[in-house]
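# Secondary and tertiary structure notes
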Amino acid sequence: MPDFIQALPKTETHLHVEGALPYELLTAWQPEKYPPNPRFRRADYRYETFPEFEHILLEHALPWFTSAERYHEATKVMFAKQVAQNVRYVETSFHLPVTKFINVPGPEIIAAIRAAVPAGLEVRIFTGMLRSDIAGDLRPTIDRLHTWDGLAGVDLHGFEQMPTERDTAAVWARLRAAGKVTKCHAGEFDGAARVREAIEVLGVTRIQHGVRAIEDPAVVRLAAERGVTFDVCPISNIRLKVFPDLAAHPIRRLIAAGVRCTLSTDDPLCFANAVNDEYAALAAGLQFTRAELAQVARNGWQVAEVPPAARQAALDEIDRLVKA
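The sections below set out a description of the structure shown in this document. The residue numbering used here restarts from 1 in each chain and proceeds along that chain's sequence as written. Where totals are concerned, whole chains, interfaces and linings use all residues; where local detail is concerned, this predicted model gives features only for residues with pLDDT of at least 70, and gives and counts side-chain atom pairs only at 80 or more. Computation of side-chain values covers all heavy atoms of the structure but excludes hydrogens and water.

### What about the overall build of the chain?
Numbering of helices and strands runs from the N terminus, with a helix taken as a DSSP run of H or I at least four residues long and a strand as a DSSP run of E at least two residues long. When its secondary structure is counted, the chain shows 16 helices and eight strands. The size measure is the radius of gyration over C-alpha atoms, and the globule rule it meets is 2.2 Å times the number of residues to the 0.38 power. A compact globule built from 324 residues should have a C-alpha radius of gyration of about 20 Å, and the chain, at 18 Å, falls within 12% of that. Taking all 324 residues of the chain together, 56% fall into the buried category. Sequence-distant contacts, at least 24 apart, represent 75% of the contacts inside the chain between residues at least 6 apart. The Shrake-Rupley method, run with a 1.4 Å probe sphere, supplies the accessible areas, and residue values consider only the shown protein chains as cover. Of the roughly 13,000 Å² of accessible surface on the chain, a fraction of 55% belongs to carbon and sulfur atoms. Asp and Glu are treated as the negative residues and Lys and Arg as the positive ones, with His and the ends of the chain left uncounted. Charge positions come from single atoms, namely NZ of Lys, CZ of Arg, CG of Asp or CD of Glu. Positive and negative charge centroids in the chain, built from 37 and 41 side chains respectively, lie 3 Å apart. Throughout this description, buried means an accessible area under 20% of the type-specific maximum (1.4 Å probe, protein chains only), exposed means over 50%, and partly exposed covers the range between. Contact criterion: two residues are considered in contact whenever any of their non-hydrogen atoms come within 4.5 Å of each other.

Structure representation (structure tokens):
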């Protein structure tokens, strides 16, 4: 099974740049402050609340991400790890408020990340923001996002139980009209109603997590009928106590109901996980077969923003692996 997982040409479509900071960079930089193997990165650690998780992430990520050069250095290592796992396509997002924290324009961060992309890896760069940012000081920046070259799209992330600002739907619609992909975190720390809101009000077809849609069969049907993709991160869901264990995770039930689910890592800085680990977790914890894992890999390529020939080549390679 490990050899099969490695051989699959994979995608990663739910990855936060700041949350993917390679921890070894922190240890090499300040070993006395960031010792190897801290408790929160161990497999048995569970975050009691989202604020606890967010605090740990930010206290480790923000000291590092102080310049465009630091984004380049971190993503160069991050992308190398993905290439080593046969990940060939990545959608990753940086936190838009950081542009204000460090006074670096977003296009400079995008350029720094783009310069770190190695040969053989396709990367699409998104920016993410809190639900409250549209009504705050970042609004002038948000209103210019459609002009940013190299920006594939946008995402709403952070504490899901915050209210969604009324103007978000109009902003998201304008960005889609400008050719940007719109995403939304929903169905993680809040229930199925947030997934319905993301689909019906915000108009997205790419939902980050989405797994608590399982609580309402009508929302699951809605997602399937609208062709919505859930970019799922099972290890994150367990470590953050969205579900008690992998046996309780609904990814197989969502797929069976017709919802396209992809597989990603979310925030490896906090979970010490990799894409291959996510596939292995489904195999060990939910007894996914090779054919089922292959379908998850196909799902990623079906939504990847790549030329049709590149998509078909990856799908054909997956089919050959399964037949072998």
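### Considerations on helix α15 (residues 290-303)
Owing to its 3.6 residues per turn, the α-helix brings residues three or four apart onto one side. Expected span, for any helix, means 1.5 Å times one less than how many residues it has. Helix length check: α15, at 14 residues, gives a terminal C-alpha distance of 21 Å against a target of 20 Å (1.5 Å per residue), a fit within 8%. Those residues of α15 not exposed but buried are L293, A294, V296, A297, R298, N299, G300, W301 and V303.

### Details of the packing of helix α14 (residues 275-285) against α15
Orientation of α14 relative to α15, taken along the N-to-C sense of each, is 145°, at an axis distance of 10 Å. Like other packed secondary-structure pairs, α14 and α15 cross with a definite hand, here right-handed. On α15, the residues that touch Y279, L282 and A283 of α14 are L293, V296 and A297. Three categories are distinguished: nonpolar for Ala, Val, Leu, Ile, Met, Phe, Trp, Tyr, Cys and Pro, charged for Asp, Glu, Lys and Arg, and polar for the others, with Gly belonging to the last. Partitioned by chemical class, the residues of the contact of α14 with α15 number six nonpolar, no polar and no charged. Lines are fitted to the C-alpha atoms to define the axes, a helix being fitted only along its stretch in contact, and any angle between axes, read from their N-to-C directions, falls within 0 to 180 degrees. Working rule for handedness: look at the near helix, and if it is turned counterclockwise from the far one by less than a right angle, call the crossing left-handed; if clockwise, right-handed.

### Digging into the packing of helix α9 (residues 192-200) against helix α10 (residues 217-226)
Running from N to C, α9 and α10 cross one another at 30°; their axes reach a closest spacing of 9 Å. Comparing their axes, α10 and α9 come out roughly parallel. With respect to the hand of their crossing, α9 and α10 are arranged in left-handed fashion. When α9 is examined against α10, the residues A192, V195, R196, I199 and E200 are found in contact with a partner set consisting of A218, V219, L222, A223 and R226. Taken together, the residues of the contact of α9 with α10 sort by class into seven nonpolar, no polar and three charged. Here roughly perpendicular refers to angles of 65 to 115 degrees, roughly parallel to angles under 35, roughly antiparallel to angles over 145, and oblique to all remaining angles.

### Things to note about the pattern of salt bridges
Salt-bridge detection follows one rule: a side-chain nitrogen of Lys or Arg within 4 Å of a carboxyl oxygen of Asp or Glu. If you walk through the whole model with that rule in mind, you get 18 salt bridges. A salt bridge links K81 to E24; the shortest N-O distance between them is 2.9 Å. Separated by 57 residues along the polypeptide, K81 in helix α4 (residues 68-84) and E24 in helix α2 (residues 23-29) bring together distant segments of the chain. We note a salt bridge from E91 to K183, for which the minimum N-O separation is 2.7 Å. Linking E91 in strand β2 (residues 87-95) with K183 in strand β5 (residues 181-186), this pair joins segments that are 92 residues apart in sequence. There is no split in this pair, since E91 and K183 are both buried. Counted as one network, the salt bridges with shared partners bring together E91, K183, R206 and D231.

### Considerations on the sheet that holds strand β8 (residues 260-263)
Strand order across the open sheet formed by eight strands is β1-β2-β3-β4-β5-β6-β7-β8, with parallel pairing between neighbours. The open sheet terminates on both sides in strands that have one partner only, identified here as β1 (10-16) and β8. Taken over all neighbouring pairs, the strand axes of this sheet differ in orientation by 25° on average, direction set aside. Direction of pairing for strand β6 (residues 206-209) relative to strand β7 (residues 229-232): parallel, over a ladder of three bridges. Following the sheet pairing, I207 is matched in β7 by F230. Strands in contact with α4 are β1, β2 and β3 (122-130); relative to β2, the strand with the most contacts, it is inclined by about 150°. Running at roughly 165° to β5, α9 makes contact with β5, β6 and β7 of the sheet. Between any two strands, at least two bridges found by DSSP are needed for them to pair.

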